[in-house]
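Chain and residue survey
The primary structure of each chain is shown beneath.
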Amino acid sequence: MKKILNTLLILSILLAFILILNSNPVQAAALDDIKIDINKNTVNPGDTVTLTITFGKPLGAYTFDIAYDNNLLEYVETDGGTPNDNGTRVRVVFYDSTGGTNPKESMNITFKAKEGIITSNPTDLAVTAEGLSNPDASESYDDITIALEKNIVVEPRYEDYKFDLSYTGGPIVNIEKEMVLSLSSSMGKNYDHARIMLDATTPNGGNVQLKGTDESQTEYDLIDSGWGDPSGYAIGGQNVNKVLNLRGIFDKAGEYRLTFKLIDRDSSDAVIAENTFTVTVADTQNTPPEEETADNEIEGIIEGENTTNTTEENLPTQLPKTGINLYIPIVVIVIAIISTSLYFSMKKNK
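Worth saying up front: this structure is predicted, and the values here are computed from it rather than measured.

Regarding the sheet that holds strand S6 (residues 73-78)
- The sheet built from four strands is open, its strands ordered S2-S4-S9-S6 with antiparallel pairing. Among the strands making up the open sheet, the edge pair consists of strand S2 (35-38) and S6. Strand after strand, the sheet turns through a mean of 25° between neighbouring axes, direction not considered.
- Where strand S4 (residues 48-59) lies against strand S9 (residues 104-113), eight bridges are found, and the strand directions are antiparallel. Note that in S9 the partner of valine 49 across the bridge is phenylalanine 111.

Okay, structure coming up:
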């Protein structure tokens, strides 16, 4: 009897073990082949970015959580299951109701960059998962608790920086010339340590100084040292418009090529923007005659106008008569007839 009980006990344990094995999927290793990817690394306002999760094996069930920064991105859509967006995380749930005939091997989820972004913002999409199983649910896989991350940058559409150099009238040799240098961009990329430098190509033997004074009344010669603190200054954002009032001194007549550069001190002085301007400097000895000639021409025009006005004022009110007057020959003929008649009359009376 005791042997029978022991046998039944052993059979019961084996049966229970078999039932346990049949009632739960076999726990497998993690999905080592799973990977995530994005279709772009930089996203501008209004643009979309799509995250693709490739499982490495067909899955009949899963729950994926994709966390995102809602200050920069907003959820758009997914094609891999039923989504639920709570504003900072999208949960996508999938279950193959066909019993394993319609599994998924990957899923896509799309986000859009928000409007109004004015700086570069590194961020990431973080993926975790649970409830992973093969198509017929005979195997399950470890939850993904350590997030899989994909880094992206959300930034505005930057426009290049541009220099502009303006002044009134042409520079004269050795006479200080006021000039205005402006650096502008409607949406400039942000730099923490930028500087303005200047290279100059001069006529043979010529020299140039281009000086300016900053807000602290510190004077800089852009040719010698560039503009501002040697470590640079911060620049970037919407409607950048930096204006520098400069004083130029050129010691020889001819053409000067001034090349202004905006450099990034944090990137081995890499050039951010560059513009070249040609400045033509006149010799002081040639300037007075040109100015005098111009003045004489203007005076001559004014005198000519005065002379014309005087002539018009002295014009006679009636124009002189020209050609032969018809009355003159008639009078002559009449006089001749009268004279002839008198002559013959006097002769007859004699």
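With respect to the pattern of salt bridges
- Counted under the stated rule, the structure contains eight salt bridges.
- Aspartate 65 serves as the salt-bridge partner of arginine 91, at 2.8 Å between the closest nitrogen and oxygen. Of this pair, arginine 91 sits in strand S8 (residues 89-95) while aspartate 65 is found in strand S5 (residues 61-67), placing the two residues 26 residues apart along the sequence.
- When its relative accessible area of 29% is taken as the criterion, arginine 91 is described as partly exposed.
- A salt bridge links aspartate 269 to arginine 265; the shortest N-O distance between them is 2.6 Å.
- The class of aspartate 269 is partly exposed, set by a relative accessible area of 32%.
- Assessed through its relative accessible area of 36%, arginine 265 is described here as partly exposed.
- Among the ionic contacts, a cluster of salt bridges with common partners joins Asp65, Arg89 and Arg91.

Cut-offs applied
- Residues numbered from 1 in each chain as written.
- Predicted model: local features only at pLDDT ≥ 70, side-chain atom pairs only at ≥ 80, totals over all residues.
- Heavy atoms only, no water.
- Pairing = 2+ DSSP bridges.
- Helix = DSSP H or I, 4+ residues; strand = E, 2+ residues; numbered from the N terminus.
- Axes fitted to C-alpha atoms, helices over the stretch in contact; angles between N-to-C directions.
- Salt bridge = Lys/Arg side-chain N within 4 Å of Asp/Glu carboxyl O.
- Buried < 20%, exposed > 50% of the residue type's maximum accessible area, 1.4 Å probe, protein only.

Just geometry here; none of it tells us what the structure is for.
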